[in-house]
Amino acid sequence: QVQLVESGGGLVQAGGSLRLSCAASGRTFSNYAMGWFRQAPGKEREFVAAISWGGGRTYYSDSVKGRFTISRDNAKNTVPLQMNSLRPEDTAVYYCAASRLRGGLPRGVGDYDYWGQGTQVTVSS
């Protein structure tokens, strides 16, 4: 079992930045690939970014590529998501997730085994 807790959400103006963090506890953190997803009201949960178990490989959705950066610290069991140049369309609840597919960069909701409770990000225009 892995427990995930997100933090760092809030209200920011368009063009601003936020840094989300995901703290993991439970089973060995480095056994898991990690991802960030988001869900806006009335929409399905969508993939944002993923990072491999060692942190050497990352993958981003086209909508955030070049603006968001995912990283991980296996010593501290954390997965930050740095979000720059935020847009109103980035408004959503952001979720951290862990996948047993540690060797890959999973992008589907069904590829992930554990989820956090989410943190709200609101970008005003």
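Shown above is the structure to which this text applies.
In this text, all values refer to a predicted model and were calculated from it rather than measured experimentally. (Residues numbered from 1 in each chain as written. Predicted model: local features only at pLDDT ≥ 70, side-chain atom pairs only at ≥ 80, totals over all residues. Heavy atoms only, no water.)

Trainee: Can you walk me through the overall build of the protein in this structure?
Mentor: For the protein, the count of helices and strands is zero helices and eleven strands. Moving toward the C terminus, one meets the helices and strands of the protein in the order β-β-β-β-β-β-β-β-β-β-β. Expressed as lengths along the three principal axes of its C-alpha atoms, the size of the protein is roughly 40 × 30 × 25 Å. Counting over 125 residues, the protein shows a buried share of 42%. Accessible surface, the protein as shown: approximately 6,200 Å² in total, 46% of it carbon and sulfur. (Helix = DSSP H or I, 4+ residues; strand = E, 2+ residues; numbered from the N terminus. Buried < 20%, exposed > 50% of the residue type's maximum accessible area, 1.4 Å probe, protein only. Areas by Shrake-Rupley, 256 points an atom, 1.4 Å probe, with all protein chains shown as cover.)

Trainee: Please explain the environment of glycine 103 as it appears in this structure.
Mentor: The topology assignment puts glycine 103 in the loop between β9 (92-99) and β10 (114-115). Linking glycine 103 and arginine 57, residues 46 residues apart in sequence, is a C-alpha distance of 9.6 Å. What glycine 103 contacts, discounting residues up to four positions off in sequence, is Trp53 and Arg57. (Contact = heavy atoms within 4.5 Å.)

Trainee: Looking at this model, I keep getting lost on the side chain of arginine 38. Mind explaining?
Mentor: Residue position: arginine 38 is located in strand β4 (residues 33-39). At a separation of 2.6 Å, a polar atom in the side chain of arginine 38 contacts the side chain of glutamate 46. One polar contact links arginine 38 to tyrosine 94, side chain to side chain, over a distance of 3.0 Å. Sequence-distant contacts of arginine 38, defined by excluding residues within four places in its chain, comprise Glu44, Arg45, Glu46, Val48, Ser63, Val64, Phe68, Glu89, Asp90, Ala92, Val93 and Tyr94. (Polar contact = N/O pair within 3.5 Å; in protein donor to acceptor, adjacent residues only side chain to side chain.)

Trainee: Help me understand the environment of phenylalanine 47 in this model?
Mentor: For phenylalanine 47, the position within the fold is in strand β5 (residues 46-51). In sequence terms phenylalanine 47 and phenylalanine 37 are ten residues apart; their C-alpha atoms lie 4.5 Å from each other. Each residue touching phenylalanine 47, except ones within four places of it in the same chain, is listed here: Trp36, Phe37, Tyr59, Tyr60, Ser61, Pro106 and Arg107.

Trainee: Please explain the state of the cysteines as it appears in this structure.
Mentor: By definition, a disulfide is the covalent link that joins the sulfur atoms of two cysteine residues. Tallied over the entire structure, the rule returns one disulfide. Between cysteine 22 and cysteine 96 runs a disulfide, and the two sulfur atoms are separated by 2.1 Å. Handedness here is read from the sign of the S-S torsion; for cysteine 22 and cysteine 96, about -75°, the answer is left-handed. Pair noted here: cysteine 22 is in strand β3 (residues 18-26) and cysteine 96 is in strand β9, with a separation of 74 residues, a long-range link. Across this residue pair, the class does not change: cysteine 22 and cysteine 96 are buried. (Disulfide = S-S within 2.5 Å.)

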